[in-house]
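Breakdown of the fold
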Amino acid sequence: MADFGTGRGRIIEANFQGGGRAVGMFFLFIFILILLWASVARVSTGHVGVLTLFGRVTGDVLPEGLHLVNPFKVNNEMSVRTEEVKETASVPSNEGLIITMDTSLLFHLDPAHAAQVFQKVGPNYVDVVIEPNLRSAIRSATAENSANALYTGGRELVAQRILSELRATLADRGVVVENVLLRDIQLPETLKMAIEAKQRAEQDSLQMEYVLTKEKQEAERKRVEAQGVADFQKIVTQGISEQLLQWKGIEATEKLALSPNTKIIVVGGGKTGLPLILGQ
């Protein structure tokens, strides 16, 4: 009986040990699955992944897609798509007039500098770096131009000035500036009316210059035409003599005398002595 009890205890102990190994294997399998799942990093389209290990930026940047990484590393996504920042600013011109400008900035994050931006600025780099520099560039550009230039043809120059300044400032920050667009420029109403009145006056002046030029050209044309007529009359007058006129009168008289129409001829009539021919 003692041997039977001892054998039964050994069987129970063996079953317990076997069940414990099975449970351990199960938990080990679950742990391995968790590690594998944690080792897969997914980066969305149009983003890059900046890896950190226990809060420290490792410098590794993942492109979009699936990647196997250290399960203890954290993937921090940052967008590299083109983004737009709209800014409405009231800024002074070089005359001290307040101008309201609506500006759009197109930019994107440089993937090669994503880890640096995440470490030194953070994911909210738009609020920290881009918007303050945009406002500063707008004020700097408008302060060098008059309100008249900004309202008429100077806005492209202002946009180029803002673009150049932002590219020089944000390039070291890992931001690629694509373009700067001036959507609208609003001037004080009195200044706007004065500029428009000046433009209308300039247009009227140009129109008057055109009319005067046209009238001068027409007067010159008439003068040349009158000179031509005068020259023609002078030439004709110099070629006609009294003898030629008498000879032409005789020829005409002969032709009339030979015509079959009834007529009366009075010889020696008139100052020149040419015949007078009277019809019936």
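Structure shown above.
Here goes a summary of the coordinates provided.

A tally of helices and strands in the protein chain yields seven helices and 10 strands. Expressed as a percentage of the 280 residues in the protein chain, the buried residues total 24%. Relative to all contacts within the protein chain whose residues are 6 or more apart in sequence, the contacts with residues 24 or more apart total 62%.

Let us now look at the sheet that holds strand S2 (residues 47-53). Adjacent strands of a sheet form backbone hydrogen bonds with each other and so pair up, either parallel or antiparallel. Here we have three strands laid out as an open sheet, ordered S3-S2-S5, and antiparallel in their pairing. Edge positions in the sheet fall to strand S3 (56-62) and strand S5 (73-79), since each of these pairs with one other strand and no more. Each strand axis lies, on average, 30 degrees off the axis of its neighbour in the sheet, ignoring direction. Bridge count for S2 against S5 is seven bridges, and the pairing is antiparallel. Bridge assignment links glycine 49 to a residue of S5, and that residue is glutamate 77.

Even without being a glycine, phenylalanine 54 presents a positive backbone phi close to 55 degrees. With respect to the secondary-structure elements, phenylalanine 54 resides in the loop between S2 and S3.

Before going further, it helps to examine the pairing of S3. Here S2 pairs with S3 via four bridges, running antiparallel. Paired with valine 50 across the bridge in S3 is valine 61.

This next bit is on the side chain of threonine 52. Mapped onto the fold, threonine 52 is located in strand S2. Polar side-chain contacts of threonine 52 include one of 3.3 Å to the side chain of asparagine 76. Those residues within four positions of threonine 52 in sequence are excluded, and the remaining contacts are Val57, Thr58, Phe72, Lys73, Val74, Asn76 and Phe118.

On the basis of which strands lie adjacent, the open sheet formed by three strands has the order S6-S7-S8 and antiparallel pairing. On the outer flanks of this sheet lie strand S6 (83-92) and strand S8 (175-186), each paired with one strand and no other. In this sheet, adjacent strand axes meet at a mean angle of 25 degrees when their direction is disregarded. Relative to S8, strand S7 (residues 98-109) is paired through 10 bridges, and the arrangement is antiparallel. For methionine 101, the partnering residue across the bridge sits in S8 and is isoleucine 185. Contacting S6, S7 and S8, helix H3 (residues 125-142) crosses the sheet at an angle of about 40 degrees to S6. This element, helix H5 (residues 155-170), spans S7 and S8 of the sheet and lies at about 150 degrees to S8.

Another aspect to go through is the pattern of salt bridges. Evaluated as defined, the whole model comprises six salt bridges. For lysine 73, the salt bridge is made with aspartate 60, and the minimal N-O distance between the two is 3.3 Å. Here lysine 73 is found in strand S5, whereas its partner aspartate 60 is found in strand S3, with 13 residues between them in sequence. The partly exposed category is assigned to lysine 73, whose relative accessible area is 21%. The partner of arginine 221 in a salt bridge is glutamate 218, and the shortest N-O contact between them spans 2.7 Å.

Basis of the calculations
- Residues numbered from 1 in each chain as written.
- Predicted model: local features only at pLDDT ≥ 70, side-chain atom pairs only at ≥ 80, totals over all residues.
- Heavy atoms only, no water.
- Helix = DSSP H or I, 4+ residues; strand = E, 2+ residues; numbered from the N terminus.
- Buried < 20%, exposed > 50% of the residue type's maximum accessible area, 1.4 Å probe, protein only.
- Contact = heavy atoms within 4.5 Å.
- Pairing = 2+ DSSP bridges.
- Axes fitted to C-alpha atoms, helices over the stretch in contact; angles between N-to-C directions.
- Polar contact = N/O pair within 3.5 Å; in protein donor to acceptor, adjacent residues only side chain to side chain.
- Salt bridge = Lys/Arg side-chain N within 4 Å of Asp/Glu carboxyl O.

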